[in-house]
Amino acid sequence: MARSSKEKAQETRESILDAAEDMFHGKGVSNTSLTDIAQAAGLTRGAIYWHFKNKAELFDAMCARVRTPMLAMIEEMASEATADPLERLSSGCVFVMRQVVENPHYRKVMTILFHRCEYVDPEDPILIYQKEWLAHGMTTIRQVLINAKVKGQLPEDLDIHLASLFLHITFDGLLNSWLFSPGSFDLVKDAEKINNVVLASLQTNATLRVPAKPT
């Protein structure tokens, strides 16, 4: 049976995203043109523009292809209805690390974001997109910690801002280091152990507490 026009269009779109991943990963975002991507996909520039109006939109779609499937997990993680917020946070972090190791698309996109982008123009749509995603991630972590405190999993005097920053920097640095030198350590197993260290620190480290007001 012949493929429908919609199926062909979707297949072409996926080919463009695959080519964008390869080119951005190999040459960097700034050094890659839409012509480079079109040639890598075996298409014309016109075919690229039929699906994406510019490089920034193509970049966003490439990122969304690996991030969108995780949005439901992120929303559940931050939901007040989640019975065990800390467990969901911990398992979610390990899941992301496992995806980086096992999913070639996710690993290439994360490598592009960490090591193949030059964030020099404050008005660059790609930079704006990244800042929005970072803000979303920080908001999610903050909400998880608030929910965990409400459920009695964390101390009442936990400094949510400092704890959120601690979590973000820890796992962002872990991922960044592994992507810079894959194989230098076991990302999944070490993430599981670091999870335990982080959670213990949130529960016991006095530095992560809001200072008591003087009486």
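Above this text is the structure in question.
Figured I'd write up the structure that's included with this text. (Residues numbered from 1 in each chain as written. Predicted model: local features only at pLDDT ≥ 70, side-chain atom pairs only at ≥ 80, totals over all residues. Heavy atoms only, no water.)

Comments concerning the overall build of the protein
Each helix and strand counted, the protein has nine helices and zero strands in total. In sequence order, the protein lays out its α and β elements as α-α-α-α-α-α-α-α-α. Overall size of the protein, expressed as C-alpha extent along the three principal axes, is 70 × 40 × 35 Å. The 215 residues of the protein split such that 38% are buried. Mean positive and mean negative side-chain charge positions of the protein (23 and 27 charges, respectively) differ by 2 Å. (Helix = DSSP H or I, 4+ residues; strand = E, 2+ residues; numbered from the N terminus. Buried < 20%, exposed > 50% of the residue type's maximum accessible area, 1.4 Å probe, protein only. Lys, Arg positive; Asp, Glu negative; His and termini not counted. Charge placed at Lys NZ, Arg CZ, Asp CG, Glu CD.)

Structural notes on helix H6 (residues 104-115)
For H6, built from twelve residues, the straight-helix expectation of 16 Å at 1.5 Å per residue is met to within 8% by its first-to-last C-alpha distance of 16 Å. Listed as buried for H6 are Tyr 106, Val 109, Met 110, Thr 111, Ile 112 and Leu 113. Residues of H6 that are buried make contact with helix H1 (5-27), helix H4 (55-78), helix H5 (85-102), helix H7 (125-150) and helix H8 (160-180). For H6, the side-chain oxygen to backbone nitrogen distance between the N-cap and His 105 is 2.9 Å, and the N-cap itself is Asn 103. (Expected span 1.5 Å × (residues − 1). Contact = heavy atoms within 4.5 Å. Polar contact = N/O pair within 3.5 Å; in protein donor to acceptor, adjacent residues only side chain to side chain.)

Considerations on the nonpolar core
In this structure, Ile 37, Phe 59, Leu 145 and Leu 202 are the most contacted members of the largest nonpolar core, which totals 57 residues. If you list the elements that add at least two residues to this core, you get H1, helix H2 (34-41), H4, H5, H6, H7, H8 and helix H9 (187-204). The greatest single-element share of this core, amounting to eleven residues, is contributed by H4. Filtering out sequence-adjacent residues up to four positions away, Ile 37 remains in contact with Ile 16, Ala 19, Ala 20, Met 23, Phe 24, Thr 32, Ile 48 and Leu 58. (Core = buried A, V, L, I, M, F, W, Y, C linked by side-chain atoms within 4.5 Å.)

Some words on a nonpolar patch on the surface
On the surface, Leu 162, Leu 165 and Ile 169 cluster together into a nonpolar patch covering about 230 Å² of accessible area. Mapped onto the fold, Leu 165 is located in helix H8. Residue classification places Leu 165 among the partly exposed residues on the basis of a relative accessible area of 32%. (Patch = residues over 30% accessible without salt bridge, like charges linked within 9 Å, V, L, I, M, F, W, Y side chains within 5 Å. Areas by Shrake-Rupley, 256 points an atom, 1.4 Å probe, with all protein chains shown as cover. Salt bridge = Lys/Arg side-chain N within 4 Å of Asp/Glu carboxyl O.)

Observations regarding the packing of H5 against H6
Where H5 meets H6, the closest approach of the two axes is 5 Å, and the angle between their N-to-C directions is 100 degrees. Taken together, the axis directions place H5 and H6 in an arrangement best described as roughly perpendicular. For the pair formed by H5 and H6, the contact residues are Val 96, Gln 99, Val 100, Val 101 and Glu 102 on the first element and Pro 104, Tyr 106, Arg 107 and Met 110 on the second. Split into classes, the residues belonging to the contact of H5 with H6 amount to six nonpolar, one polar and two charged. (Axes fitted to C-alpha atoms, helices over the stretch in contact; angles between N-to-C directions. Parallel < 35°, antiparallel > 145°, perpendicular 65-115°, else oblique. Nonpolar A, V, L, I, M, F, W, Y, C, P; charged D, E, K, R; others polar.)

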